[in-house]
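Fold and contact review
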Amino acid sequence: MSRLQTSSCPTDRSCSALSSQIIKVSQLVKYYRKSSVPALDGLDLDVNEGRIFTLLGRNGAGKTTFLRIATTQLSPTSGSVSVFGLDVLKHAKAIRKRIAIAPQEGRPLWTLDAKDHVILALMMRGVGYSQAVDKAKKVLETLELSEVENVHSEDLSGGLRQRVLVAMAIACDAELIFLDEPTIGLDPLSRRRVWDELIRLKKEEARTIVLTTHYMDEAEVISDELAIVDKGRVLARGTPADVRAKHLSARIRVDVTKGFSAEELQTYGRVVHAGNIIRVLTDETKAQEISNEALKRKATIAISPVTLDDVFVELVGSEIDRDSENNNDVGARSIGER
Amino acid sequence: MWELVQLVKGELMLQSVRKTLRTVAALAYYLGVLPMIRIPTLLPFVFATPFTILFILFVAGERTAFVSGLAGAITMTVTQQGLFLGSDLTSLKIEHKFQSIVVASPVSPLTYMFSVAISELAFAAPAVAVLLAIISYSMEGVGLLALLQILFIILLIWVTTSSIGFFLSTYVLNTRSAFLTVAFISIILSVLPPVFYPISLLPAQLRPLAELIPTTHASILIRSVIGLPTDQFQMLVSWVALPAFTLAFLSLALLEARWRES
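Every value quoted in this text rests on a predicted model; they were computed, and no experiment measured them.

Within chain B, the regular secondary structure consists of 10 helices and 0 strands. Scanning chain B from its N terminus toward the C terminus, one meets helices and strands in the order α-α-α-α-α-α-α-α-α-α. The C-alpha atoms of chain B give a radius of gyration of 20 Å, which matches the 18 Å a tight globule of 262 residues would have. Considered along the principal axes of its C-alpha atoms, chain B spans approximately 65 × 50 × 40 Å. A separation threshold of at least 6 residues defines the contact pool for chain B, and within that pool the share at least 24 residues apart is 79%.

Let us look at the sheet that holds strand β4 (residues 78–83) of chain A. Residue and element names in this part refer to chain A. Read across the open sheet, the 4 strands follow the order β2-β1-β4-β5; overall the sheet is antiparallel. Looking at which strands have only one partner, the edges of the open sheet turn out to be β2 (40–48) and β5 (86–87). In the packing of helix α3 (residues 63–70) onto the sheet, the strands contacted are β1 (21–30), β2 and β4, and the crossing angle to β1 comes to about 120°.

We now examine the nonpolar core. Counting 164 residues, the largest nonpolar core has V83, V118, L122, A167, M168, A169 and A171 of chain A as the members making the most contacts within it. Looking at this core element by element, the count peaks at 13 residues for helix α5 (residues 109–138) of chain B. The contacts of V118 of chain A, once residues within four sequence positions are left out, are A136, V139, L140, A167, M168 and A171 of chain A.

The subject of this paragraph is the interface of chain B and chain A. Of the residues lining the interface, 24 residues belong to chain B; the matching set on chain A comes to 27 residues. Breaking the side of chain B that touches chain A down by element, the ones donating at least two residues are α1 (2–38) and α4 (98–103) of chain B. Here the side of chain B that touches chain A takes 9 residues from α1 of chain B, the largest share from any one element. When grouped by side-chain class, the residues that make up the side of chain B that touches chain A number 12 nonpolar, 5 polar and 7 charged.

This next bit is on the packing of helix α5 (residues 114–123) of chain A against α1 of chain B. Packing of α5 of chain A against α1 of chain B leaves a shortest axis separation of 8 Å and a crossing angle of 155°. Taken together, the axes of α5 of chain A and α1 of chain B are roughly antiparallel relative to one another. As α5 of chain A packs across α1 of chain B, the resulting crossing turns out to be left-handed. From α5 of chain A, D116, L120 and M123 of chain A reach across to α1 of chain B, where they touch R22, T23, A26 and Y30 of chain B. Per-class residue counts for the contact of α5 of chain A with α1 of chain B are 4 nonpolar, 1 polar and 2 charged.

Below, the discussion takes up the pairing of strand β13 (residues 277–282) of chain A. All names here are of chain A. The element β13 is extensively covered by neighbouring structure, given that 5 of its 6 residues are classed as buried. Sheet topology note: the strand β11 (residues 252–256)/β13 ladder contains 5 bridges and is antiparallel. Within β13, the position partnered with R253 by the bridge is L281. Note that strand β12 (residues 270–274) and β13 share 5 bridges and pair antiparallel.

Residue and element names in this part refer to chain A. Mapping F84 onto the fold places it in the loop between β4 and β5. What makes F84 buried here is the crowd of 28 C-beta atoms within 10 Å. Sequence spacing of F84 and I99 is 15 residues, and the spatial spacing of their C-alpha atoms is 10.0 Å.

Basis of the calculations
Residues numbered from 1 in each chain as written. Chains lettered and ligands numbered in written order. Predicted model: local features only at pLDDT ≥ 70, side-chain atom pairs only at ≥ 80, totals over all residues. Helix = DSSP H or I, 4+ residues; strand = E, 2+ residues; numbered from the N terminus. Rg over C-alpha atoms; globule rule 2.2 N^0.38 Å. Contact = placed C-beta atoms within 7 Å. Pairing = 2+ DSSP bridges. Axes fitted to C-alpha atoms, helices over the stretch in contact; angles between N-to-C directions. Core = buried A, V, L, I, M, F, W, Y, C linked by C-beta atoms within 7 Å. Buried ≥ 20, exposed ≤ 12 C-beta atoms within 10 Å, placed from the backbone. Nonpolar A, V, L, I, M, F, W, Y, C, P; charged D, E, K, R; others polar. Parallel < 35°, antiparallel > 145°, perpendicular 65-115°, else oblique. Left-handed = near helix turned anticlockwise from the far one by under 90°.

Now the structure itself:
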């Protein structure tokens, strides 16, 4: 949906109905002041309505910068972003009415308890007190925060504080919710609770959720679509299955702890070191061969399908390799020139 | 049909006003009133500086100096709290990321500024109430009208300094700088200029400089309202200057403050 098409209807909700694209990003570039390295370097993205869209990337990949631009908090250097078909620079006011955000590393206010935060988030948007209290109770219950609803945020653990911020964002009736690393610091059970609630919001309330994360399993489990971002560019995008299939020829991974050397394993497929584990990315036949060999050697191996983690390492790892090669070239050239 | 359209328009406007009032009430209550109730030990910090200066004037000065100091103490208390808006908003923005939540919501910068400014005023209210009680007790002829006039002056100086605070908060990049900047501006606005002392005590060449400071006029006006001798022309100048400063700083805050970062 182009900016020309949509700028004539800044407050009309039917604008977004013309297309299922709720966010459209084109050639987005962002340079921060005093930095010659772009935080976003020609980012292109589409987010479809009623989906959970995940941005995956390392620290500094540009995920938060994108979220801040899309939520009208930050101006881009160039390129365009439209949300609900509205340009973020021209129609910020209309967009702000329909979005909510849980920022990264936000800290709840120390004199307020969990319930106060959610009530404040709701009343700030014009919801009446009694309605806000009822809604806050429900949301806190959903995120298993009821037991600490009257505990001041200064006495809450990091994970509970994080959940309070998520509760503030999902409590309001925003059509589009941005969550910047919403499950960072959460224990596995709490993470699952948040995932369940996000999936429920999508299915039952038709909300669109855009989240950023480092966690591959999270992206795999809850995303309808995702994009892997590095150095401000999209390296891969699509459904988790599409991304796996498109960017990794291997279908199976074999984790070997002992009994094989890395050199030997290279004959079976691509070898990746993951801590104490040597991981082989390969196909079913080669995996069977390793398995047979392991039985002979009484070595322990684990066979599983490839995950987004493998795709991420493959994609981002090769970017790093390419960069270091380029840097070496530049270095060599510089020395030569000198 | 036309009447129906007007009725719907009116209803929508009413709903919008009601929503804005809820926003203001919620932000002011949860950011100012509730913390004050829950942690009353924060209040002495508001009283500390103005009442210390007042105490020195009471002990070392004559009665006129003390009464003049009362006008200064009111001006300083409100100025301090208005400027604290700057450091508190910076903290809300940088440490709590609360401003991110607010920007990505229907709350306008003006509503946010006034809501948090009201929360700051809530902290100043007990100190101002004590000062007004002292004025009523110690000054003959200070009636309801005079108190209302003082409240109006307080309102102007609160809007002025809150606007300065809001403007600063959108530019300052860290909390430490915000606190230091606010402390510095607080001295420039309420200790150095003729706030605790009459402008006539300043050397003649410094008076034009003092006239450029809004708190000078606030203090002059409060002094005249509580019955201290004031030059009529000066009073007239101050009644024009203070609202003009208020308007100018409010415009600066609304037009030049950076709600969306670049």
